[in-house]
Amino acid sequence: MKLLLLRCPVCQSGLQPEDEDIVFLCRDCHTPIFLSEQGVETAEVFYAKPQGNTAGQWLPFWLFEGRVRITTRETQGGVKAAESESEAMWSEPRRLFVPAWDCPLPQARQIGMEMIEKQVVVTAVNRPQNAEMKAAVLTPDDARKLLDFIILTIEAERMDWLTDISFSLEAPPPTLWAIAM
Ligand SMILES: [Zn+2]
């Protein structure tokens, strides 16, 4: 058995990621580190403090920026207002946030849904000194699957008893954000 000693590419400190970690911070220099089967490299993480948030904790989100195209949307209720809401929401590119830290699925779904509905505005700032971001445990592929689930939840919560939906996403690969919450 070969044990791989992981060192921070920036400060050379030993790294101790948890089992599920995909992107985590070096404990010494706080550089975001991306862990893959090939080893470690520095990760690109954008830091943002949305307006009105008095930063408690930096939490990781995958952000997809693109179009959700609904191809089928069938309901039992046939409520026109709900249908129009859905059409209006997906009529243009949206910021689609997917919580990336280790949190229970219902919570991830709820937080993602609220941030997408609010279309939280994020503006990248310089990496704050000693910002502690929770580790990201989702790969972009995992995030994409969770996003489908979040979009489904948004549509299912409208007032018209959704029975069937299909949609596609047109978006470039997501970026990773540390958002102060
Ligand atoms: Zn380091």
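Residues numbered from 1 in each chain as written. Predicted model: local features only at pLDDT ≥ 70, side-chain atom pairs only at ≥ 80, totals over all residues. Heavy atoms only, no water.

## Structural notes on the sheet that holds strand β1 (residues 23-25)
Logical step 1: Read from one edge of the open sheet, three strands run β1-β2-β3, paired in antiparallel fashion. Looking along the sheet, the strands with just one partner apiece sit at the ends: β1 and β3 (39-42). For this sheet, the mean angle separating the axes of adjacent strands, direction not counted, is 35°.
Logical step 2: For β1 and strand β2 (residues 32-36), the ladder comprises three bridges, and the chain directions are antiparallel. Across the sheet, Phe24 pairs through a bridge with Ile33, a residue of β2. (Pairing = 2+ DSSP bridges. Helix = DSSP H or I, 4+ residues; strand = E, 2+ residues; numbered from the N terminus. Axes fitted to C-alpha atoms, helices over the stretch in contact; angles between N-to-C directions.)

## Re the confidence of the model for the chain
Logical step 1: When pLDDT is averaged along the chain, the result is 93, and 96% of the positions lie at 70 or above.
Logical step 2: By mean pLDDT, β3 is the weakest element of the chain at 92, and strand β6 (residues 94-99) is the strongest at 98. (pLDDT = per-residue confidence, 0-100.)

## Brief notes about the domain arrangement of the chain
Logical step 1: Along its sequence, the chain is organised into domain 1 (1-43) and domain 2 (45-180).
Logical step 2: Computed over C-alpha atoms only, the centres of domain 1 and domain 2 are separated by 27 Å.
Logical step 3: With both sides pooled, the region where domain 1 packs onto domain 2 buries about 990 Å², and carbon together with sulfur makes up 61% of that total.
Logical step 4: Looking only at domain 1, the three residues that lose the most surface to domain 2 are Val23, Leu25 and His30, adding up to 52% of its buried area.
Logical step 5: Applying the counting rule to domain 1 against domain 2 returns zero salt bridges.
Logical step 6: Run the count over domain 1 and domain 2 and you get five residue pairs in polar contact (both at pLDDT 80 or more).
Logical step 7: At three residues, β1 tops the list of elements feeding residues into the side of domain 1 that touches domain 2. (Domains from an automatic or database assignment. Buried area = accessible area lost by both parts, 1.4 Å probe. Salt bridge = Lys/Arg side-chain N within 4 Å of Asp/Glu carboxyl O. Polar contact = N/O pair within 3.5 Å; in protein donor to acceptor, adjacent residues only side chain to side chain.)

## A closer look at a negative patch on the surface
Logical step 1: A surface patch of negative charge is lined by Glu18, Asp19, Glu20 and Asp102.
Logical step 2: Residue Asp102 is classed as exposed on the basis of its relative accessible area, which comes to 60%. (Patch = residues over 30% accessible without salt bridge, like charges linked within 9 Å, V, L, I, M, F, W, Y side chains within 5 Å. Areas by Shrake-Rupley, 256 points an atom, 1.4 Å probe, with all protein chains shown as cover. Lys, Arg positive; Asp, Glu negative; His and termini not counted. Charge placed at Lys NZ, Arg CZ, Asp CG, Glu CD. Buried < 20%, exposed > 50% of the residue type's maximum accessible area, 1.4 Å probe, protein only.)

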